[in-house]
Amino acid sequence: VQPVESGGGLVQAGGSLRVSCAASGMTFSTYDLGWFRQAPGKDREFVAHIRSGGTTYYADSVKGRFTISRDNAKNTVSLQMNSLRPEDTAIYFCAAGYNARVVVSAPSYDYWGPGIQVTVSS
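The residue numbering used here restarts from 1 in each chain and proceeds along that chain's sequence as written. Predicted model: local features are reported for residues with pLDDT of at least 70 only, side-chain atom pairs are reported and counted for 80 or more only, and whole-chain, interface and lining totals are derived from all residues. Here the side-chain values reflect all heavy atoms present in the structure, with hydrogen atoms and water set aside.

(A) Representation of the sheet that holds strand S3 (residues 17-22) within the structure. Between any two strands, at least two bridges found by DSSP are needed for them to pair. The numbering of helices and of strands both runs from the N terminus, where a helix is a DSSP run of H or I of at least 4 residues and a strand a run of E of at least 2. Taken in spatial order, the four strands line up as S1-S3-S8-S7 in an open sheet, and their pairing is antiparallel. Looking at which strands have only one partner, the edges of the open sheet turn out to be strand S1 (4-6) and strand S7 (66-71). When the angles between neighbouring strand axes are averaged without regard to direction, this sheet yields 20°. Pairing between S3 and strand S8 (residues 76-81): six bridges, direction antiparallel. Lines fitted to C-alpha atoms define the axes here, with helix axes fitted over just the stretch in contact, and angles between the N-to-C directions of these axes take values from 0 to 180 degrees.

Pasting the structure below:
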């Protein structure tokens, strides 16, 4: 199982970007899915999560600006990012976990993508 992110890049502050993640080799619809990010010199932090049943959770720093969604037919999870800020600059990782117990905690997830760069210029 190897999730793979796509869609990152460079955007100006206030702009929008959508990152997606495709995963195969798993019963995708039964997994909880999350997005984390890691900025240079900082620890990996939780961004957003969507349960297999569709319930979503967001970090306070992105609530109201980011939206996580999933398409079980296509085995993909996406993160729509609006009103981007320079502090959103980071490598974004998608993750999949079966019945993730603590959605904000990285060890709750079993599979990780390699990450994709998102850069927001001021």
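(B) A look at the environment of glutamine 12. With respect to the element layout, glutamine 12 can be found in strand S2 (residues 9-12). Judged by relative accessible area, which is 60%, glutamine 12 ranks as exposed. Along the chain, glutamine 12 and threonine 119 lie 107 residues apart, while their C-alpha atoms are 8.3 Å from each other. For glutamine 12, the residues in contact, after removing those within four places along its chain, are Val120 and Ser121. Exposed residues in this analysis have more than 50% of their type's maximum accessible area, buried residues have under 20%, and partly exposed residues fall in between, with area computed by a 1.4 Å probe over protein chains only. Throughout, a residue-residue contact means that at least one pair of heavy atoms, one from each residue, lies within 4.5 Å.

(C) Quick peek at the packing of aromatic side chains. Put simply, two rings from Phe, Tyr or Trp (the six-membered ring, in Trp's case) pair if the centres are within 6.5 Å, and we call them stacked under 30 degrees between planes, edge-to-face over 60, tilted for the rest. Applying the stated criterion to the full structure yields six aromatic pairs. Measuring from centroid to centroid gives 5.7 Å for tyrosine 31 and tyrosine 98, while their planes differ by 70°, and the two rings are edge-to-face. In this pair, tyrosine 31 sits in the loop between S3 and strand S4 (32-38) while tyrosine 98 sits in the loop between strand S9 (90-97) and strand S10 (111-112), placing the two residues 67 residues apart along the sequence. Given a relative accessible area of 55%, tyrosine 98 falls into the exposed group. On the basis of an interplanar angle of 75° and a centroid distance of 5.7 Å, the ring pair of phenylalanine 36 and phenylalanine 46 is categorised as edge-to-face. Residue phenylalanine 36 is located in strand S4, and its partner phenylalanine 46 is located in strand S5 (residues 45-50); the two are separated by 10 residues in the primary sequence.

(D) Spotlight on the state of the cysteines. In what follows, a disulfide is any cysteine sulfur pair within 2.5 Å. For the structure shown, the criterion picks out one disulfide. Each disulfide pairs two cysteine sulfurs, and for cysteine 21 the partner residue is cysteine 94, the sulfurs being separated by 1.9 Å. Here cysteine 94 lies in strand S9 and cysteine 21 lies in strand S3, a separation of 73 residues in the sequence. On the basis of relative accessible area, cysteine 94 is assigned to the buried category, the value being 1%.

(E) Here's a closer look at the pairing of strand S11 (residues 116-121). Side chains of S11 alternate between two faces, with Ile116, Val118 and Val120 buried and Gln117, Thr119 and Ser121 left unburied. Pairing geometry for S2 and S11, over four bridges, is parallel. Residue pairing for S11: glutamine 12 is matched across the bridge by serine 121. Pairing between S9 and S11: three bridges, direction antiparallel. Residue pairing for S11: isoleucine 91 is matched across the bridge by glutamine 117.

Scope: geometric values only; no functional claims are made or implied.
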